[in-house]
Amino acid sequence: MFQQPDLFASVDPVRQPPSDDLNLPALIERIADVSRRPRYAFMVLNLIAKAAGRNSGSAGPYVQVNGERIPLRDWLCDSLVPIAQRDARRLAIVDEVRSGLEAQKALPDDPQEAARVVQEEVKVRIRRSGRCNVSRAVSDLVRAGLVRRHYQGFRVDHHNRGAQREAVYTITDAAARALRA
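Below you will find a few notes about this structure. (Residues numbered from 1 in each chain as written. Predicted model: local features only at pLDDT ≥ 70, side-chain atom pairs only at ≥ 80, totals over all residues. Heavy atoms only, no water.)

Focus: the overall build of the protein
Here's step 1: On a plain count of helices and strands, the protein comes out with six helices and five strands.
Here's step 2: Across the 181 residues that make up the protein, the buried fraction comes to 34%.
Here's step 3: Sequence separation of 24 or more characterises 59% of the internal contacts of the protein that already satisfy a separation of 6 or more.
Here's step 4: Accessible surface computed for the protein: about 12,200 Å², of which carbon and sulfur atoms make up 50%. (Helix = DSSP H or I, 4+ residues; strand = E, 2+ residues; numbered from the N terminus. Buried < 20%, exposed > 50% of the residue type's maximum accessible area, 1.4 Å probe, protein only. Contact = heavy atoms within 4.5 Å. Areas by Shrake-Rupley, 256 points an atom, 1.4 Å probe, with all protein chains shown as cover.)

Written out as structure tokens, the structure is:
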């Protein structure tokens, strides 16, 4: 008899042996087993660990940067932007934004001000796509059993997003020990 799997069922974390003795190579191997982009996921894990610091392993929903509170996912995106500075896709976005603003006659006459306007729009677009990339990497880390995720914010703490809630990521003790070693 044919059985249709439930495509909307919650995804269980990858079943791994007890992670008390997790070291850095084992951590990288676990990430590589579940992620199509293991290097990116590892960078996200490392940034989450740095943001969590001594905060009981939890990072978010906001991070304090230069006296300003920004959502954790935005901070992660901004932290990973330097990796793509010379990426051809990023350069194409800059050209696309500049030509779009020129077509709308929305660029100021001052070249420095025009460059600032273009960079702001590029930052908005990169952050929008970066949030999706970070969420995908965190989903891989959750499946690997290295991070737990919940949402916190306006209404109540809740496992589902929405209603002005922001993500909170908690790194597991084993993953934190492996990163420190």
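Observations concerning the packing of helix 1 (residues 24-34) against helix 2 (residues 38-52)
Here's step 1: Their axes nearest at 9 Å, the elements helix 1 and helix 2 cross at an angle of 125°. Classed by the angle they form, the pair helix 1 and helix 2 counts as oblique. In this structure, helix 1 meets helix 2 at a crossing whose hand is right-handed. The residues of helix 2 that touch helix 1, namely those facing Leu24, Leu27, Ile28, Ile31 and Ala32, are Pro38, Ala41, Phe42 and Leu45.
Here's step 2: Counted by class, the contact of helix 1 with helix 2 contains nine nonpolar, no polar and no charged residues. (Axes fitted to C-alpha atoms, helices over the stretch in contact; angles between N-to-C directions. Parallel < 35°, antiparallel > 145°, perpendicular 65-115°, else oblique. Left-handed = near helix turned anticlockwise from the far one by under 90°. Nonpolar A, V, L, I, M, F, W, Y, C, P; charged D, E, K, R; others polar.)

Some thoughts on unusual backbone geometry
Here's step 1: Residue Pro61 is reached from Gly60 by a cis peptide bond, and omega for that bond is 0°.
Here's step 2: The residue Pro61 is located in the loop between strand 1 (58-59) and strand 2 (62-65) in this model.
Here's step 3: The phi angle at Asn66 is positive, at roughly 50°, despite the residue not being glycine.
Here's step 4: Structurally, Asn66 is set in the loop between strand 2 and strand 3 (68-71).
Here's step 5: Relative accessible area serves as the criterion here: at 81%, Asn66 is assigned to the exposed category.
Here's step 6: For Lys105, which is not glycine, the phi dihedral falls at a positive 55°.
Here's step 7: Tracing the chain through its elements places Lys105 in the loop between helix 4 (88-103) and helix 5 (111-143).
Here's step 8: Taking the relative accessible area as the measure of exposure, Lys105 reaches 72% and is therefore exposed.

Structural notes on helix 3 (residues 72-80)
Here's step 1: Among the nine residues in helix 3, seven count as buried, and that is most of the element.
Here's step 2: Summarising the contacts, the buried residues of helix 3 are in contact with helix 2, strand 1, strand 2, strand 3, helix 5 and strand 5 (165-171).

Comments concerning the packing of aromatic side chains
Two aromatic rings, taken as a pair, are described by how far apart their centres are and by the angle between their planes.
Here's step 1: In this structure the tally under the stated criterion is zero aromatic pairs.
Here's step 2: A cation over a ring is seen here: Arg69 above Tyr62, with NZ or CZ 4.2 Å from the ring centre. (Phe/Tyr/Trp six-rings, centres within 6.5 Å; stacked < 30°, edge-to-face > 60°. Lys NZ or Arg CZ within 6 Å of the ring centre and 35° of its normal.)

Here's the deal with the pattern of salt bridges
Here's step 1: Taken as a whole and assessed by the stated rule, the structure comprises seven salt bridges.
Here's step 2: A salt bridge links Arg127 to Asp74; its shortest N-O distance comes to 3.7 Å. Separated by 53 residues along the polypeptide, Arg127 in helix 5 and Asp74 in helix 3 bring together distant segments of the chain.
Here's step 3: By relative accessible area, which is 23% here, Arg127 ends up partly exposed.
Here's step 4: Put simply, Glu96 and Arg125 hold a salt bridge, and the shortest N to O gap is 2.9 Å. (Salt bridge = Lys/Arg side-chain N within 4 Å of Asp/Glu carboxyl O.)

A word on the pairing of strand 5
Here's step 1: Counted residue by residue, strand 5 has seven buried out of seven residues, so it is predominantly covered.
Here's step 2: Of the pairings in the sheet, the one linking strand 1 to strand 5 comprises two bridges and is antiparallel in character. Residue pairing across strands places Ser58 opposite Thr170, the latter belonging to strand 5. (Pairing = 2+ DSSP bridges.)

So, the side chain of Arg73
Here's step 1: Along the polypeptide, Arg73 turns up in helix 3.
Here's step 2: For the buried Arg73, no salt bridge is present, and the opposite-charge side chain at shortest range is Glu166, 5.0 Å distant.
Here's step 3: Aside from chain neighbours lying at most four places away, what touches Arg73 is Arg131, Val134, Ser135, Ala167 and Tyr169. (Lys, Arg positive; Asp, Glu negative; His and termini not counted.)

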